[in-house]
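Observations on the three-dimensional arrangement
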Amino acid sequence: MRTERANGGGQAERRDLRVIVGAAIIRDGRVLACARSAPPEVAGMWEFPGGKVEPGESETAALARECAEELAVRVEIGDRVGRNVRMAHGRWVLKVYAARLLHGDQPQALEHSALRWLSADELETVTWLPADAPIVTALRPILSP
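Computed from a predicted model, the values in this text were never measured in an experiment. (Residues numbered from 1 in each chain as written. Predicted model: local features only at pLDDT ≥ 70, side-chain atom pairs only at ≥ 80, totals over all residues. Heavy atoms only, no water.)

1. Looking at helix 2 (residues 133–143)
Within helix 2, burial applies to Ile-135, Val-136, Leu-139 and Leu-143. On an axial view of helix 2, the arc spanned by its buried residues comes to 100 degrees, and they lie on one face. Among the exposed residues of helix 2, those oriented more than 90 degrees off its buried face are Thr-137 and Pro-141. Buried-residue contacts for helix 2 involve strand 3 (18–27), strand 4 (30–36), strand 7 (75–87), strand 8 (92–101) and strand 9 (112–118). (Buried < 20%, exposed > 50% of the residue type's maximum accessible area, 1.4 Å probe, protein only. Helix = DSSP H or I, 4+ residues; strand = E, 2+ residues; numbered from the N terminus. Arc of directions from axis to C-beta. Contact = heavy atoms within 4.5 Å.)

Below you can see the structure in the form of structure tokens.
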């Protein structure tokens with residue numbers, strides 16, 4: 001069921017947004033970028049690992065689960081990076097969190113075609129998914145020394 005309420009500007013605001021979480025995994029001043037393997041229309045484009053928050057699951061729990069499933073790593077979730085990014089005609093919202101690897105874990109490309117560690121100067125060397133682009137901009141000052 002969808003509910004609506006008026007926001008400060010008098011416009012109706014949808015409250016049935018589904019959340020997708022992403023992890024900006026940072027190590028030694030670099031962030032982990034993951035190349036999509038599917039679907040065909042975005043294969044080869046780059047993203048932050050993550051996925052859908054399931055009903056009853058917190059955003060941080062979902063992100064830890066997704067990192068384990070996609071990369072076989074354990075992570076500590078930190079602060080939000082950037083703003084909420086609306087997706088899928090406004091039905092979904094992407095929220096990205098900074099994260100760090102735990103226990104010396106090394107990411108494995110279990111669901112991606114490639115992984116790369118990118119410095120601030122290298123962020124534009126890959127083609128990011130449109131939803132991830134605003135996060136890339138917000139990451140630059142975090143990665144720069």
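2. Here we look at helix 1 (residues 59–71)
Here helix 1 contains 13 residues, and its C-alpha end-to-end distance of 18 Å stays within 8% of the 18 Å for a straight helix at 1.5 Å per residue. What helix 1 keeps buried is the set Glu-59, Ala-62, Leu-63, Glu-66, Cys-67, Glu-70 and Leu-71. The arc enclosing the buried residues of helix 1, seen along the axis, measures out at 135 degrees, which places them on a common side. The inward-facing, buried residues of helix 1 contact strand 3, strand 4, strand 6 (50–52), strand 7, strand 8 and strand 9. (Expected span 1.5 Å × (residues − 1).)

3. Some thoughts on the pairing of strand 3
For strand 3, the buried fraction is high: seven of the ten residues fall into the buried class. With three bridges connecting them, strand 3 and strand 6 associate as antiparallel partners. Bridge pairing in strand 6 places Ile-20 opposite Lys-52. Looking at chain direction, strand 3 and strand 4 are connected through two bridges and run antiparallel. From the neighbouring strand, Ile-26 faces strand 4, where its bridge partner is Val-31. (Pairing = 2+ DSSP bridges.)

4. Focus on the packing of aromatic side chains
Each aromatic ring pair is summarised here by two numbers: the centre-to-centre distance and the angle between the ring planes. Applying the stated criterion across every chain yields a total of one aromatic pair. In this arrangement the basic side chain of Arg-80 is found over the ring face of Tyr-97, its NZ or CZ atom lying 5.6 Å from the centre. Here the basic side chain of Arg-116 rests over the ring of Trp-46, its NZ or CZ set 6.0 Å away from the ring centre. (Phe/Tyr/Trp six-rings, centres within 6.5 Å; stacked < 30°, edge-to-face > 60°. Lys NZ or Arg CZ within 6 Å of the ring centre and 35° of its normal.)

5. Quick word on unusual backbone geometry
Following Ala-38, the chain continues into Pro-39 via a peptide bond in cis, with omega recorded as -10 degrees. Inspection of the secondary structure puts Pro-39 in the loop between strand 4 and strand 5 (46–47). With a phi angle near 50 degrees, Asp-28 is a residue other than glycine that sits in the positive phi range. By secondary structure assignment, the location of Asp-28 is in the loop between strand 3 and strand 4. Of note in the backbone geometry, Ala-72 takes a positive phi value of approximately 60 degrees without being a glycine. One can find Ala-72 in the loop between helix 1 and strand 7. Among the residues examined, Ala-72 registers a relative accessible area of 33% and is labelled partly exposed.

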